[in-house]
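# Topology and contacts: notes
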Amino acid sequence: MLHCQSIVLLDPQAPSELRCHWYAFGACGTSDSSTSEAFVCTAVGDDVTLSWLAFLVIDDSAEADLRMTVADLEGNHLGVYFGSPGQLLASAPGGETLSLEFQN
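A few points on the structure. (Residues numbered from 1 in each chain as written. Predicted model: local features only at pLDDT ≥ 70, side-chain atom pairs only at ≥ 80, totals over all residues. Heavy atoms only, no water.)

### Some thoughts on the overall build of the chain
Scanning the chain for helices and strands turns up one helix and seven strands. Listing each helix as α and each strand as β along the chain from the N terminus yields β-β-β-β-β-β-β-α. The dimensions of the chain, computed from C-alpha atoms along their principal axes, are 40 × 30 × 20 Å. Residue burial in the chain is summarised as follows: out of 104 residues, 31% are buried. Look at the contacts in the chain between residues 6 or more apart in sequence, and 55% of them connect residues 24 or more apart. Surface exposure of the chain reaches about 6800 Å², of which carbon and sulfur atoms provide 49%. (Helix = DSSP H or I, 4+ residues; strand = E, 2+ residues; numbered from the N terminus. Buried < 20%, exposed > 50% of the residue type's maximum accessible area, 1.4 Å probe, protein only. Contact = heavy atoms within 4.5 Å. Areas by Shrake-Rupley, 256 points an atom, 1.4 Å probe, with all protein chains shown as cover.)

The following block contains the structure:
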């Protein structure tokens, strides 16, 4: 389970209505994804509360690539986070809150 508590956009060109997407890709070709409800960012730097829970099925003994994207409602991606379940667990072994930085 992945919980996205909030998001802060730093790009002044970002559209106002957006969605977040989690994607998980397994080494054996399996995949899963989850999409947030649409949300609105009114100004650059605003902390928008999402409280979005994503349930992705990932075999704990398999390697998997995780991606979280922010996209407009037409599906144009504005930023992406690349990681793995192991990286997230190592960064927050007790389930602490993490800040993820997105790449353009």
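Having put the structure on the table, let's press on.
### Considerations on the layout of surface pockets
Roughly 1400 Å³ of internal volume is contained in the largest pocket. Along its surface, the largest pocket is lined by 42 residues, and Trp22, Met68, Leu98, Ser99 and Leu100 are the ones closest to its centre. Among the elements of the structure, strand 1 (2-8), strand 6 (64-72), strand 7 (77-83) and helix 1 (85-91) are those that each provide at least two residues to the lining of the largest pocket. Ranked by residues supplied to the lining of the largest pocket, first place goes to strand 1 with seven residues. For the lining of the largest pocket, the per-class residue count stands at 26 nonpolar, ten polar and six charged. (1 Å grid on protein atoms, 1.4 Å probe; cavity = no way out; pocket = protein on both sides within 12 Å on 5 of 7 lines; lining within 4 Å. Points joined across faces, edges and corners; volume = space filled by probe spheres on them. Nonpolar A, V, L, I, M, F, W, Y, C, P; charged D, E, K, R; others polar.)

### Let's talk about the pairing of strand 6
Taking burial as the measure, the nine residues of strand 6 include seven buried ones, the bulk of the element. With nine bridges joining them, strand 2 (residues 17-26) and strand 6 adopt antiparallel strand pairing. Paired with Arg19 across the strands is Ala71, a residue of strand 6. The sheet contact formed by strand 6 and strand 7 spans six bridges and is antiparallel. Looking at strand 7, one finds that Met68 is bridged to Tyr81. Count of turn residues in the strand 6/strand 7 antiparallel hairpin: four residues, of which Gly75 carries a positive phi of about 95°. (Pairing = 2+ DSSP bridges.)

### Describing the pairing of strand 3 (residues 31-35)
Both faces of the sheet carry side chains from a regular strand, because those side chains alternate between them. Pairing between strand 2 and strand 3: five bridges, direction antiparallel. Bridge pairing links Trp22 to Ser34 in strand 3. The turn joining strand 2 and strand 3, which pair antiparallel and follow one another in sequence, is formed by four residues; a positive phi near 95° is taken by Gly29.

### Some thoughts on the side chain of Ser84
As for its placement among the helices and strands, Ser84 is situated in the loop between strand 7 and helix 1. Taking relative accessible area as the criterion, Ser84 reaches 16% and is therefore assigned buried. If near-sequence neighbours (up to four positions away) are discounted, Ser84 is found in contact with Ala64 and Leu66.

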